[in-house]
Amino acid sequence: MKKNSTVDYINIFDYYLHIELLFKYGDFMENNNKNILIKPVTDTSVLVSIFVNVFNKDPWNENWNSEYARKNLYDLENTPHFFGLVASYNNVAVGAILGNIKYFGTTKTYYIEHFFVDKKYRHLGIGSSLYNSAIKELKEKGVTGAFFTTKKDSDAYHFYIRQGTVDLTDSSVMYHRF
């Protein structure tokens, strides 16, 4: 039996958009005979359930509900200079990188607000594909780097280190509860 090709899995109405994204991002790839597609975020509401699922579990253990997640993502999407990419696996959204481009001194810097991949889709190259696609697109926009926070000794921390990021030991993340 013939193995399905890239074109077979995409319905005909999305075909030309897919080709355009393929040439622009170059990040359509096959992993374990499954398809990963990275594309710009056009509606953060499709990410709400993934967001809640990821951030309410280890290592984050935060307390999100769908209403507040939807508001958070909507607000982020509607801030100036929003930039986000979503990863789909077999046409199902499974992760995203979301943030804002800000001016920092004489450069432009990307501030990553959220970067997440559904736990059951990790270790398939989705996070790396999202991150590298973001870097590629941001460089084209004149962005020279990214700032973000994550928990030390988490899988996310080690992922970032493998990607070549630097842990700024002379800086500290501060939080004041009131």
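Quantities reported herein were computed from a predicted structural model and do not represent experimental measurements. (Residues numbered from 1 in each chain as written. Predicted model: local features only at pLDDT ≥ 70, side-chain atom pairs only at ≥ 80, totals over all residues. Heavy atoms only, no water.)

**Digging into the nonpolar core**
Logical step 1: Ranked by internal contacts, the top residues of the largest apolar core, which has 23 residues, are I97, Y110, F115, I126 and L130.
Logical step 2: Contributing elements (two or more residues each) for this core: β2 (34–40), β3 (82–89), β4 (92–104), β5 (107–117), α5 (126–140) and α6 (155–162).
Logical step 3: The element contributing the most residues to this core is α5, with five residues.
Logical step 4: Discounting chain neighbours no more than four positions away, the residues touching I97 are F83, G84, L85, Y110, I112, H114, F115, L130, Y131 and A134. (Core = buried A, V, L, I, M, F, W, Y, C linked by side-chain atoms within 4.5 Å. Buried < 20%, exposed > 50% of the residue type's maximum accessible area, 1.4 Å probe, protein only. Helix = DSSP H or I, 4+ residues; strand = E, 2+ residues; numbered from the N terminus. Contact = heavy atoms within 4.5 Å.)

**Looking at the packing of aromatic side chains**
Logical step 1: Taken as a whole and judged by the stated rule, the model has 16 aromatic pairs.
Logical step 2: Arranged with centres 6.1 Å apart and planes meeting at 50°, the rings of F55 and W60 form a pair that is tilted. Each member of the pair, F55 together with W60, is buried.
Logical step 3: For the cation-ring pair, K71 lies above Y68, with the distance from its terminal atom to the ring centre recorded as 5.3 Å.
Logical step 4: We note K102 situated over the ring of Y111; from NZ or CZ to the ring centre the distance is 4.9 Å. (Phe/Tyr/Trp six-rings, centres within 6.5 Å; stacked < 30°, edge-to-face > 60°. Lys NZ or Arg CZ within 6 Å of the ring centre and 35° of its normal.)

**Details of the confidence of the model for the chain**
Logical step 1: With 81% of its residues at a pLDDT of 70 or more, the chain shows a mean pLDDT of 82.
Logical step 2: Contacts from residues 1–33, a stretch scored under 50 in pLDDT, to residues over four places away or in other chains number 46 contacts. (pLDDT = per-residue confidence, 0-100.)

**Some details on the pairing of β3**
Logical step 1: The buried fraction of β3 amounts to eight of the eight residues, a majority that puts the element mostly inside the structure.
Logical step 2: Burial along β3 is two-sided: F82, G84, V86 and S88 and F83, L85, A87 and Y89, pointing in opposite directions, are all buried.
Logical step 3: In this structure, β3 lies alongside β4, joined through eight bridges in antiparallel fashion. Residue pairing for β4: F83 is matched across the bridge by G99.
Logical step 4: With antiparallel pairing between neighbouring strands as the criterion, β3 and β4 make up a hairpin whose turn holds two residues, including N90 at a positive phi of roughly 55°. (Pairing = 2+ DSSP bridges.)

**Comments concerning helix α4 (residues 66–77)**
Logical step 1: If you check α4, its first and last C-alpha atoms are 16 Å apart, about what twelve residues at 1.5 Å a residue would give, namely 16 Å.
Logical step 2: Listed as buried for α4 are A69, L73, L76 and E77. The buried residues of α4 occupy an angular sector of 100° when projected down its axis, which confines them to one face.
Logical step 3: In this fold, the buried residues of α4 make contact with α3 (48–55), β3, β4 and β5.
Logical step 4: Regarding α4, its N-cap is N65, as a side-chain oxygen of that residue lies 3.1 Å from the backbone nitrogen of E67 further along. (Expected span 1.5 Å × (residues − 1). Arc of directions from axis to C-beta. Polar contact = N/O pair within 3.5 Å; in protein donor to acceptor, adjacent residues only side chain to side chain.)

**Thoughts on the side chain of S154**
Logical step 1: Note that S154 resides in the loop between β6 (143–147) and α6.
Logical step 2: Looking at S154, the relative accessible area reads 5%, which means it is buried.
Logical step 3: Polar side-chain contacts of S154 include one of 2.7 Å to the backbone oxygen of K151.
Logical step 4: With near-sequence residues (within four places) excluded, S154 lies in contact with P59 and W60.

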